[in-house]
Amino acid sequence: MKGLGLTLTAAVLLGATIGLKAQTPGTNLAAPPSHASAQRSGEQIYRAACAACHGPDGRGAPQARVGFDTPLPDFADCAFASPEAEADWFAIVHAGGPVRAFARRMPAFGGALTDDEILRVVGHIRGLCGDRRWPPGDLNLPRALVTEKAYPENEALFVVRASRRGGASVTTSAIYERRIGARSQWEVAVPVALQQSGSEGPWTRGLGDFAAAFKHVVFHDAERGSIVSLGGELVLPTGRRSTGAGNGTVVFEPFVSAGQAIGGGFLQAQAGVELPGDTARASREAFVRLAAGQTFFEGRFHREWSPMLELAAARPLVAGAPIEWDVVPQVQVSLSRRHHVLVSAGLQVPVANREGRGRTFHAYLLWDWFDGGFFTGW
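Let us look at the structure shown here.

**What to know about helix 7 (residues 115-126)**
Part 1 of the argument: Under the 1.5 Å per step criterion, the end-to-end length of helix 7 is 16 Å for twelve residues, consistent within 8% with the ideal 16 Å.
Part 2 of the argument: Counting buried positions along helix 7 yields ten of twelve residues, so the element is predominantly enclosed.
Part 3 of the argument: Taken together, the buried positions of helix 7 are Asp 115, Asp 116, Glu 117, Ile 118, Leu 119, Val 121, Val 122, His 124, Ile 125 and Arg 126.
Part 4 of the argument: Looking at the packing, one finds that the buried side of helix 7 touches helix 2 (42-49) and helix 6 (86-95).

**Topic: the nonpolar core**
Part 1 of the argument: Tyr 46, Trp 89, Val 93, Ile 118, Val 121 and Val 122 are the most contacted members of the largest nonpolar core, which has 19 residues in total.
Part 2 of the argument: Contributing elements (two or more residues each) for this core: helix 2, helix 6 and helix 7.
Part 3 of the argument: With five residues, helix 7 is the single largest residue contributor to this core.
Part 4 of the argument: What Val 93 contacts, discounting residues up to four positions off in sequence, is Met 106, Pro 107, Ala 108, Phe 109, Gly 110, Ile 118, Val 121 and Val 122.

**Describing the packing of helix 2 against helix 7**
Part 1 of the argument: Two numbers describe how helix 2 lies on helix 7: the axes approach to 8 Å, and their chain directions differ by 90 degrees. Considering the angle they form, helix 2 stands roughly perpendicular to helix 7. Within the contact between the two elements, helix 2 uses Gly 42, Glu 43, Ile 45 and Tyr 46 and helix 7 uses Glu 117, Arg 120, Val 121, His 124 and Ile 125.
Part 2 of the argument: Classifying every residue of the contact of helix 2 with helix 7 by side-chain character gives four nonpolar, two polar and three charged.

Each value, and the rule that gives it
- Residues numbered from 1 in each chain as written.
- Predicted model: local features only at pLDDT ≥ 70, side-chain atom pairs only at ≥ 80, totals over all residues.
- Heavy atoms only, no water.
- Helix = DSSP H or I, 4+ residues; strand = E, 2+ residues; numbered from the N terminus.
- Expected span 1.5 Å × (residues − 1).
- Buried < 20%, exposed > 50% of the residue type's maximum accessible area, 1.4 Å probe, protein only.
- Contact = heavy atoms within 4.5 Å.
- Core = buried A, V, L, I, M, F, W, Y, C linked by side-chain atoms within 4.5 Å.
- Axes fitted to C-alpha atoms, helices over the stretch in contact; angles between N-to-C directions.
- Parallel < 35°, antiparallel > 145°, perpendicular 65-115°, else oblique.
- Nonpolar A, V, L, I, M, F, W, Y, C, P; charged D, E, K, R; others polar.

Below you can see the structure in the form of structure tokens.
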């Protein structure tokens, strides 16, 4: 428990030790509005400051008029405009395109507009997507290590999990996620497992159990900061059960995921059941996972840090079976200026029914490929 205490302490003190500023994605950015700024609406500010390049409808002025080689973005395209959080829009308008590694042609308006005026013009721009089926990026909460988030994403991940339960094991997984329309997402995961037989036995390597999943947003409310999704994952027995790389049976996992922005932080939850095709090889199991955290920014717009604490509970659906409780302290950090490449790491520690269970190290490298190439935006 000493290691857990140190990790928790490090997560809690993280913001204070590096001089970060707490910020809920998309909120708490405004200074009190001045009397003068309250006289202009977001649309009026947009027409005065933005429309010359971005066009009165947000679709971009003709290239012959602006003379830019790179096409201007279409703010009315919901697929483009809705995934980004208000905090990212605000940063670019305030500090200019380079703050997120975009073109220098996008000037900084922080010296010309007040924070309140910027928030109003950002609100107008985001309103140019008239299809309310698209959940806004403010509901795209930081990805936890264990809890599945509710927001649909366009991401690729490299995931590592290492444990000494029943002999050492290291599993690496390549995960690809792709959004379908306004509210849905599919994903595939291909794991490769390294297993050691016993404490000093030989290591074996092989393909793990392939997984495919789908989820769909069934509710979202930007004003309340809430989002709920239903989904399911199908795990195929492609890994060798004899080496510990697979379950040896098909497993279906229906689940519900939810996210809630709370003041300066966030709370995420997932609940579901694992239903194996052959209960002689894997037991049916119910699980509940909770993740709570907060995002901090270096300076005002730069690197973001999201310390989180997860609580994971699982119970085999067998009479008298105990509940296994784990805690997972962790930190997610953005690496690129565009905040589209992030890394996260944490330690899953059993806190109840610990017999035969050890600590598990989790980490991932995340690339939000929709925001640009992996090596662009640094």
